[in-house]
Amino acid sequence: MLTIIVTTLFFALVINIFLKKIHLPTIIGYIFTGTVIAYSFDLHDAVNNHTLKEIAEFGVVFLMFTIGLEFSIEHLKKMKNEVFVAGTLQISITAIIVFLTSYYLLDIEKNISFILSLAIALSSTAIVLKTFNETNEINKRYGQRSLGVLIMQDIAVIPILLIIGFMSTTSSSSISDVIFEMLFHASILLALMVIIGKYLLEPFFKAITKTNSDELFVGSILFLAIGASLLAHKLGFSYSLGAFIAGMLIAETRYKHQAEADLVPFRDLLLGIFFVTVGMQLKFDIIASYIHIILVLLVAVMALKFIIIYAIMRMNENKRVSLKTALSLVQIGEFSLALLELARTGDLIPSPYGQIMIITIVLSMIITPIILKNLSSIADYFIKSIEPDVEEVKSTNLSNHTVILGLGEFGRNIADELRVNSESYLAIENNVESFYRSSKSGYNVVFGNVTNKDLLKSVNLKEAKHIIIAIDNPHKLYQVCDAVQKMVSTDKIIVKVHTQAEAEIIKDFKISNIFVENIITSKKIKDLIIKNN
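On a predicted model such as this, the values are computed, not experimentally measured, just so you know. (Residues numbered from 1 in each chain as written. Predicted model: local features only at pLDDT ≥ 70, side-chain atom pairs only at ≥ 80, totals over all residues. Heavy atoms only, no water.)

A. Fine view of helix H6 (residues 110–121). Here H6 contains twelve residues, and its C-alpha end-to-end distance of 17 Å stays within 8% of the 16 Å for a straight helix at 1.5 Å per residue. Here H6 lies mainly inside the structure; nine of its twelve residues are buried. When H6 is considered as a whole, its buried residues turn out to be Ile-112, Ser-113, Ile-115, Leu-116, Ser-117, Leu-118, Ala-119, Ile-120 and Ala-121. Measuring from the side-chain oxygen of the N-cap residue of H6 to the backbone nitrogen of Asn-111 gives 3.2 Å; that N-cap residue is Glu-109. (Helix = DSSP H or I, 4+ residues; strand = E, 2+ residues; numbered from the N terminus. Expected span 1.5 Å × (residues − 1). Buried < 20%, exposed > 50% of the residue type's maximum accessible area, 1.4 Å probe, protein only. Polar contact = N/O pair within 3.5 Å; in protein donor to acceptor, adjacent residues only side chain to side chain.)

Next up, the structure:
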């Protein structure tokens, strides 16, 4: 096992280093790594291991949790058109067209056609949202439209899996009983989440942050993400839906930025495992035997989904946003793999159909990162007329603002001056007492560790007008300046230190705006003495 793990890490590093040099995303590297490992150690059947599948699935779970952190319940209400209208239309129209084509034109058996139509209707949450998160395109118009459709698809996975499970069993329960049970469990899940979010989350976080323990805070976030997903699973829903709801509840608190920053390493690691398991399902002998069918199916499915999604988006969007959204969702997703596996174990789909579909899904997932990387170029090629680039509007108000790192007395004075002059700002504070005191006094402050790069990204540091570093801890000062200067130009950075010795600590960063408190104070006193003489 250790040999396999070490070899997997080695290949993942080597392949991704090469892919980065030719500007391709790491997702493709992980998929290729899975294929190499599967053939090197004969692990094609290992992908069906229950434990490995659950570990890999938690990459998607943590991804949906961090997506939930970006969307409060109010935000989701504003997206009801993208989620419930566009998402439902996309799934329904795609499934109906695929079923009719498969059953009536290709003469494929009814149950198989039905399952294939549902599998093809779904897109890849893992690839699209991971890529958009990394490039910050999740906040653009086409990113929001894509997210809305993907959320609806994730919700639709629940009844789809229930239907397939019902088809594969000889249970005496009727469909109406199954639907009633699903709605009952949905009511329980939502009621529990609302109660926890409204009455328990804030006291829970308050108790955790008062310990001043970073590891306890990380543990609490893991507990909430995994606990919510497990609760949803026990009630018959997908792990990722529970995690998404939990993320939305935490989004209502001031701890969302630190929560996201702490969970990102776990998310990216487990997503890497997920994509490795996807690559393990590539079988070259099947590709060689059915290459003509696979290629025709791949092109036909991607073309069909593009046309459907583009047409739906054009009902209330311009050509550019519609084109980018459609291109983003043309692939078949990871939940389709789970759907086919459930159908296979229930003897609902014979081997050739299942294997051909799995290969087609994996190939579509490999192509997707390349498409996503070149969205703008493709849009420019097909849309010659100049349209307002309205899709670049951000969902957040954080732009051209001032970020204050550390909200002690000095930081609060700066915030007061900015507020008086109607300047937007956001402060980050890691001291619990100072955070609660400032929050109760009405300051725009979030809780978090200012040395965490993911936290700094979440407050749109790159779009800030100024970054004021007011850290009273000389040992942490170097780490903060190091993190900040890697993200923004040094002319935006303003640092306040107590002594010249502290200024020497950060001299390597060549920050021009360093204000030494003792020197400024001594000059003021000197000028006052000279004036009085």
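B. Broad picture of the side chain of Ser-336. With respect to the element layout, Ser-336 can be found in helix H16 (residues 334–345). Residues within four places of Ser-336 in sequence aside, it is in contact with Ala-119, Leu-122 and Ile-361. (Contact = heavy atoms within 4.5 Å.)

C. View of unusual backbone geometry. Its identity is not glycine, yet Ser-422 carries a phi of approximately 55 degrees, on the positive side. Using a relative accessible area of 69% as the deciding quantity, one classes Ser-422 as exposed. At Asn-460, a position not held by glycine, the phi torsion is positive, near 55 degrees.

D. Expanded view of the packing of helix H2 (residues 26–41) against helix H17 (residues 351–373). Interhelical geometry of H2 versus H17 gives an angle of 150 degrees and a closest axis separation of 8 Å. With respect to their mutual orientation, H2 and H17 come out roughly antiparallel. Seen from above, H2 lies across H17 with left-handed handedness. Contact residues: H2 offers Ile-27, Ile-28, Ile-31 and Phe-32, while H17 offers Val-362, Ile-366, Pro-369 and Ile-370. Its residues placed into classes, the contact of H2 with H17 shows eight nonpolar, no polar and no charged. (Axes fitted to C-alpha atoms, helices over the stretch in contact; angles between N-to-C directions. Parallel < 35°, antiparallel > 145°, perpendicular 65-115°, else oblique. Left-handed = near helix turned anticlockwise from the far one by under 90°. Nonpolar A, V, L, I, M, F, W, Y, C, P; charged D, E, K, R; others polar.)

E. How the structure looks around the sheet that holds strand E2 (residues 425–429). Taken in spatial order, the six strands of this open sheet run E3-E2-E1-E4-E5-E6, and their pairing is parallel. Whereas interior strands pair on both sides, the edge strands pair on one side only; in this sheet they are strand E3 (445–447) and strand E6 (513–516). Direction aside, the axes of adjacent strands within the sheet are offset by 20 degrees on average. Judged from the four bridges that link them, strand E1 (residues 402–405) and strand E4 (residues 466–469) form a sheet pairing that is parallel. (Pairing = 2+ DSSP bridges.)

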